Amino acid sequence: MARTPGVTAEPASASWRLLDRSFFDRHPAEVAPDLLGRVLVHDSPGGRVAVRLTEVEAYGLPGEDPASHSYRGRTRRNAVMFGPPGHLYVYFIYGMHFCANLVCMPEGSGAAVLLRAGEVVAGAELAHARRTGRRVPPGEPAADTGTGTPAAAPVRELARGPARLAVALGFAREHDGVDCCGEGPVRVLEGLPPDPARVRSGPRTGVPNGKHTPWRFWIDGDPTVSPYREHRPRAR
DNA sequence: CCTATGATCATCT
DNA sequence: GATGATCATAGGC
């Protein structure tokens, strides 16, 4: 515990050991469910935020998975997906959001796991401040009123959804390609995987024709899991 | 609780 | 020029 100060919300039996690169050197549909219960840590100048993953989605290889960014081969955006496993692939979408993935399989493959939701187990105050865009002095509650505003978001909402998770952990453009398997600021800890009986799978959220590939995995009953949404083409 | 809608821009066609 | 691995908000129930 002394080696990982600040992560105190986990049960004592959780492991602080790092997941090594070989963990990610597998097909994303195999890595994804194995990531549930693991803890993603980001140490930044502002402090530490750690998130216990509760919901993930696998995105497959070029030609294999039409929903994957890598489906049509390597481009500038998805280049990191084709790099070595265990690195962060962060992309910008909808003109305003970032989403984070962990790269899988050997270098050159083009596969990853999207981090869709988790429970903030350390640094909730910092995560909250990132959400509101306001500085929250230590010890001060966020000066929020009004239901439903980001400032009023309860801790369980801080990393519920891929863009919220990225905000909570402070991930943006500059984190695309960051190695998570070294002694750098971003690491994945073994944590405490859930009882396998609580791991569910189903179609991925918001992907067209996604019903045929049940590559979304989550911890059943966990309040931080995001709501499932079917793909809807947007009106012009 | 739920559904509908607008915001906003990098990326690829 | 169209699209998107989303979210906050408004309004209905």
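As annotated in an unreviewed UniProt entry, chain A is Putative 3-methyladenine DNA glycosylase from Thermopolyspora flexuosa. The record held by UniProt for chain A lists under Sequence similarities (unreviewed entry) the comment "Belongs to the DNA glycosylase MPG family."

Student: Please provide a residue-by-residue account of the protein's contact with DNA strand B, values included.
Tutor: Around DNA strand B, the neighbouring residues are Arg72, Thr75, Arg76, Arg77, Phe92, Tyr94, Gly95, Met96 and Arg234. Sugar plus phosphate, as a fraction of atoms of DNA strand B within 4 Å of the protein: 62%. A distance of 2.5 Å separates a base oxygen of DNA strand B from a polar atom in the backbone of Tyr94. Considered class by class, the residues forming the surface near DNA strand B number three nonpolar, two polar and four charged.

Student: A description of helix 4 (residues 162-169) should follow, citing residues and the corresponding values.
Tutor: The buried count for helix 4 comes to six of eight residues, which makes it a mostly enclosed element. Among all positions in helix 4, only Pro162, Ala163, Leu165, Ala166, Ala168 and Leu169 are buried. Check the buried side of helix 4 and you find it contacts strand 2 (39-44), strand 3 (47-59), strand 5 (97-104), strand 6 (111-122) and helix 3 (124-132). Within two residues after helix 4, Gly170 carries a phi angle of roughly 75°, on the positive side.

Student: Which residues make up the pattern of salt bridges, and what are the values?
Tutor: With the rule as written, the count across this model stands at 17 salt bridges. Put simply, Arg116 and Glu55 hold a salt bridge, and the shortest N to O gap is 2.9 Å. With Arg116 in strand 6 and Glu55 in strand 3, this residue pair connects regions lying 61 residues apart in the sequence. Both residues of the pair, Arg116 and Glu55, belong to the buried class. Between Arg200 and Asp220 there is a salt bridge, with the nearest N and O atoms lying 2.6 Å from each other. Pair noted here: Arg200 is in strand 8 (residues 199-202) and Asp220 is in the segment after strand 9 (216-219), with a separation of 20 residues, a long-range link. Sharing partners across several salt bridges, the network here consists of Arg26, Glu30, Asp34 and Arg38.

Student: Residue-level account of the pairing of strand 7 (residues 186-191), with values.
Tutor: For strand 7, the tally of buried residues reaches five of six residues, placing the bulk of the element in the interior. Here strand 2 runs beside strand 7; their pairing, made up of four bridges, is antiparallel. Its bridge partner lying in strand 7, Leu40 is registered against Val188.

Student: Lay out the packing of aromatic side chains with the relevant residues and their values.
Tutor: Using the criterion set out here, one finds three aromatic pairs in the structure. Measuring from ring centre to ring centre gives 5.0 Å for Phe92 and Phe98, while their planes differ by 45°; the resulting arrangement is tilted. Residue classification places Phe92 among the partly exposed positions, given a relative accessible area of 34%. Lying over the aromatic face of Phe92, Arg173 brings its terminal NZ or CZ to 4.9 Å of the ring centre.

Student: Help me get a handle on the side chain of His42, residues and values and all.
Tutor: Structurally, His42 is set in strand 2. Engagement of the side chain of His42 in a polar contact is seen with the backbone oxygen of Leu169, the distance being 2.5 Å. If we ignore the near neighbours within four places in the chain, the residues touching His42 are Gly47, Arg48, Val49, Leu169, Gly170, Phe171, His175, Pro185 and Val186.

Calculation notes
Starting afresh in each chain, residues are numbered from 1 along the sequence in its written order. Chain letters and ligand numbers both follow the written order, the letters beginning at A and the numbers at 1. Thresholds applied to this predicted model are a pLDDT of at least 70 for local features of residues and 80 or more for the giving and counting of side-chain atom pairs; totals over whole chains, interfaces and linings are not thresholded and use all residues. Side-chain numbers come from the whole structure's heavy atoms, not from hydrogens or water. UniProt positions are given in the numbering used here, feature names are shortened, and annotations may be inferred rather than shown by experiment. We call a residue near a given molecule or strand whenever any one of its heavy atoms falls within 4 Å of it. Identification of polar contacts relies on pairs of N or O atoms within 3.5 Å, with a donor-acceptor requirement for protein atoms, meaning one able to donate a hydrogen and the other able to accept it, and with residues adjacent in sequence counted only if both atoms are side-chain atoms. Residue classes follow a fixed rule: Ala, Val, Leu, Ile, Met, Phe, Trp, Tyr, Cys and Pro count as nonpolar, while Asp, Glu, Lys and Arg count as charged, and any other residue, Gly among them, counts as polar. Only protein chains enter the accessibility calculation, which uses a 1.4 Å probe; a residue is then buried when its area is under 20% of its type maximum, exposed when over 50%, and partly exposed in between. A run of DSSP states H or I qualifies as a helix once it reaches four residues; a run of E qualifies as a strand once it reaches two. Both are numbered from the N-terminal end. We call two residues in contact whenever any of their non-hydrogen atoms come within 4.5 Å of each other. Throughout this description, the term salt bridge denotes a Lys or Arg side-chain nitrogen within 4 Å of a carboxyl oxygen of Asp or Glu. Any two strands between which DSSP finds at least two bridges are classified as paired. Centre distance within 6.5 Å is the pairing criterion for rings of Phe, Tyr and Trp, where only the six-membered ring of Trp is used; planes under 30 degrees apart are then read as stacked, over 60 as edge-to-face, and the remainder as tilted. The rule is short: NZ of Lys or CZ of Arg within 6 Å of the ring centre and within 35 degrees of the ring normal puts a charge over the ring.

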